[in-house]
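# Summary of structural features
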Amino acid sequence: MSRASNKLTIAFVLPDARGGGAENVTIMLANHLSKWHNIKLFLGKLRGDNLKKIDSGVQIVEIGTTRGAVAVLKINRLSRMHKIDIMFGTLGMAHAVALNSILLRRKTKCIARIGNTLSEDVKNWSGVKYVAMYLYQVVLILADVIVVQSDFMKYDLLSFLFGAFKRHSSIHRIYNPINVEMLRRLSCMDAGVDIGEYDVVAVGRLSRQKDLQTAITAFSMYRENYPGAKFHIVGQGLLVKELIEHAKSLSVESYLVFHGYVENPYPLMKSCRIFLSSSIYEGFSNVILEAVALNTAVVVSNCPGGNAEIVVEEKNGFFFEVGDYQTMYEKMLKAVDLEVNSNDISSFDINRISEKYIEVALEK
């Protein structure tokens, strides 16, 4: 980050500080940029495991709500009160920030960061709700700048919304950042659990999108080759009981370890033989990038999203088609013997990525 640039007052806007990928990225950027700029973190609700990760140089401001028009107006008031130059909104708050580009015209630059592949996201809905969600996404066009995390997401954005965004003058692909120095330092700490030579790990929310059922099925087949292997699952969500029942049906429930939220999952990710991701779709998976940075072989779904922009087949990992547990299992066997030791992750470095965020914020 150039120290010669003018000091800016920047607000990052999130629903809360839970332990998800978008929250991790936002807090990482806020912490890093606070070395050179006045950084505020506007949170809809003051809650979440990631609160402890926020540096003292970042001022936390509670909006008080995450709901619709009320959130939009409260963000507007806070932006004026704190004299915000640039405001980044992500997750549900991307839409609230986009709407504020009208209310704060020429006062604050409003940037919407899209965190997922929109065409896949709305498939969770049907009928009237699908139409409502589609129109909800169109609101993003009001933002001064739109940021996506992968080339795939940019293409999806342009095609899914029937070209509406082709008229938008400023859509930028900026990969998620990674703090390599911090990551490697944290990965050398004690994992706090016993990790076997052939153990595997997955990290992420326990949601339908992550399709851990496929990963558990593939693991049950993998265990026949490596009977002592365990499957470490890091993350929170509503599907724990359902996943346990699925594991029971395959007689592998005693070999699954549900860790819940883990503040530092990196020793576990580094020590396990394989990192797994069976998502139905992604935006840009920071946790896959982190596994690659730790030289852990990855086996990931070739799903809509940015996975193909991180993983190089047979160099740092392997792909399988969404839901194809047979191929996932076969690729896991190949990954066991894959030596990963030369990943070039310089293009994802936090210094380079934070520079790009400031560049797009200051563009005319």
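Preceding block: the structure.
Residues numbered from 1 in each chain as written. Predicted model: local features only at pLDDT ≥ 70, side-chain atom pairs only at ≥ 80, totals over all residues. Heavy atoms only, no water.

### Quick look at empty space enclosed by the protein
Under the defined criterion, the tally for this structure stands at two cavities of 30 Å³ or more. Approximately 60 Å³ is the volume found for the largest cavity. Broken down by secondary-structure element, the contributors of at least two residues to the lining of the largest cavity are strand 1 (9–14), helix 1 (21–33) and strand 4 (86–90). Of the residues forming the lining of the largest cavity, the biggest block, three residues, is contributed by strand 4. When the residues that make up the lining of the largest cavity are grouped by side-chain class, the tally is five nonpolar, three polar and one charged. Its boundaries defined by the atoms lining it, the second largest cavity holds a volume of some 30 Å³. For the second largest cavity, the full set of lining residues is Met28, Ile178, Asn179, Met182, Leu183, Tyr266 and Glu290. Looking at side-chain class alone, the lining of the second largest cavity contains five nonpolar, one polar and one charged residues. (1 Å grid on protein atoms, 1.4 Å probe; cavity = no way out; pocket = protein on both sides within 12 Å on 5 of 7 lines; lining within 4 Å. Points joined across faces, edges and corners; volume = space filled by probe spheres on them. Helix = DSSP H or I, 4+ residues; strand = E, 2+ residues; numbered from the N terminus. Nonpolar A, V, L, I, M, F, W, Y, C, P; charged D, E, K, R; others polar.)

### What about the packing of aromatic side chains?
Considering all chains together, one arrives at nine aromatic pairs under this definition. Taken together, a centroid distance of 5.4 Å and an interplanar angle of 65° make the contact between Phe88 and Tyr357 edge-to-face. Remark: Tyr357 occurs in helix 13 (residues 350–362) and Phe88 occurs in strand 4; sequence separation between them is 269 residues. Note on Phe88: relative accessible area 4%, which makes it buried. Seen from their ring centres, Phe219 and Phe231 are 5.5 Å apart, and the 45° between their planes marks the pair as tilted. (Phe/Tyr/Trp six-rings, centres within 6.5 Å; stacked < 30°, edge-to-face > 60°. Buried < 20%, exposed > 50% of the residue type's maximum accessible area, 1.4 Å probe, protein only.)

### Quick look at the sheet that holds strand 11 (residues 274–277)
Ordered by their spatial adjacency, six strands build an open sheet running 10-9-8-11-12-13, and the pairing between neighbours is parallel. Only two strands of the sheet have a single neighbouring strand rather than two, namely strand 10 (256–260) and strand 13 (317–320). Strand after strand, the sheet turns through a mean of 20° between neighbouring axes, direction not considered. Across four bridges, strand 9 (residues 231–234) lies against strand 10 in parallel orientation. Looking at strand 10, one finds that His232 is bridged to Val257. (Pairing = 2+ DSSP bridges. Axes fitted to C-alpha atoms, helices over the stretch in contact; angles between N-to-C directions.)

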